[in-house]
Amino acid sequence: MSTYDEHFSHAHVPGPGESSIPELEIDETIPPRPEEEVADVARAEPDVADHSHHRNIVRVWRGVIRTEDRDEYVDYVERTGIEEYRALPGNKDAWTLTRELADGLTEILTVSRWESLDSIRGFAGDDVDRAVYYPEDDRFLVERDDTVRHYVQRS
């Protein structure tokens, strides 16, 4: 049995072209510590003040679908949520984004720009942070965020 001093007594000297700063390994099988998640939430306080006099509000929702359903679901989202966004007063524009994930899954985002939180209330109701779903969403979504994020557009 070796002791700590025997095992770590020699310092590693980097070779030519090798960084002197060791790379950290990330073990994705270990979930974040609860205090990290709490800290992330605490830092992510949304800016919900009404900035309509000078800034747009950007609303972002996220979900995950099977990649095989991507085209059908994007078409469905365009005919429901995106079309409804664009028809409402105060909506500046809206679009759908997708990103391929591992294991045959695709992440989908809906992003919309609004004049104010009051404009968003015309779509989402009084609880502007609550996601809005349509009848066929359950058929497609394997993962969904029940809340949305709002950002102030700065430029």
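Preceding block: the structure.
1. Observations concerning the overall build of the protein chain
Now for step 1: Helices and strands together make up the secondary structure of the protein chain, namely five helices and five strands.
Now for step 2: Listing each helix as α and each strand as β along the protein chain from the N terminus yields α-α-β-α-β-β-α-α-β-β.
Now for step 3: Looking at the 155 residues of the protein chain, the share that counts as buried comes to 30%.
Now for step 4: Expressed as a percentage of contacts within the protein chain between residues at least 6 apart in sequence, the contacts between residues at least 24 apart total 67%.

2. Digging into the packing of aromatic side chains
Now for step 1: Counting across every chain of the model gives seven aromatic pairs.
Now for step 2: Feature note: the residues Tyr73, Tyr76 and Phe140 constitute an aromatic cluster, connected by ring pairs.
Now for step 3: Across from the ring centre of Tyr133, 4.4 Å away, lies the NZ or CZ of Arg144, which sits over that ring.

3. Notes on the nonpolar core
Now for step 1: Ranked by internal contacts, the top residues of the largest apolar core, which has 22 residues, are Trp61, Tyr73, Tyr85, Ile120 and Phe123.
Now for step 2: The element that contributes the greatest number of residues to this core is helix α3 (residues 70-87), accounting for five residues.
Now for step 3: The contact partners of Tyr85, leaving out residues within four places of it in the chain, are Arg59, Asn91, Ala94, Thr110, Ser112, Trp114 and Phe123.

4. Observations concerning the environment of Tyr151
Now for step 1: As for its placement among the helices and strands, Tyr151 is situated in strand β5 (residues 149-152).
Now for step 2: With relative accessibility at 42%, the residue Tyr151 sits in the partly exposed group.
Now for step 3: As a C-alpha pair, Tyr151 and Arg55 span 96 residues in sequence and 9.9 Å in three-dimensional space.
Now for step 4: When sequence neighbours within four positions are dropped, the list of residues in contact with Tyr151 reads Asn56, Ile57, Val58 and Val60.

5. Things to note about unusual backbone geometry
Now for step 1: The phi dihedral of Asp103 falls on the positive side, at around 60°, and the residue is not glycine.
Now for step 2: Tracing the chain through its elements places Asp103 in the loop between β2 (91-100) and β3 (105-114).
Now for step 3: Its relative accessible area of 76% is what places Asp103 among the exposed residues.

6. Topic: the environment of Trp114
Now for step 1: Mapped onto the elements, Trp114 comes out in strand β3.
Now for step 2: Between the C-alpha atoms of Trp114 and Tyr85, which are 29 residues apart in sequence, the distance is 9.1 Å.
Now for step 3: With sequence-adjacent residues up to four places away left out, Trp114 is seen in contact with Asn56, Ile57, Arg59, Tyr85, Leu88, Pro89, Gly90, Asn91, Lys92, Ser119, Ile120 and Phe123.

What counts, and at which threshold
Residues numbered from 1 in each chain as written. Predicted model: local features only at pLDDT ≥ 70, side-chain atom pairs only at ≥ 80, totals over all residues. Heavy atoms only, no water. Helix = DSSP H or I, 4+ residues; strand = E, 2+ residues; numbered from the N terminus. Buried < 20%, exposed > 50% of the residue type's maximum accessible area, 1.4 Å probe, protein only. Contact = heavy atoms within 4.5 Å. Phe/Tyr/Trp six-rings, centres within 6.5 Å; stacked < 30°, edge-to-face > 60°. Lys NZ or Arg CZ within 6 Å of the ring centre and 35° of its normal. Core = buried A, V, L, I, M, F, W, Y, C linked by side-chain atoms within 4.5 Å.

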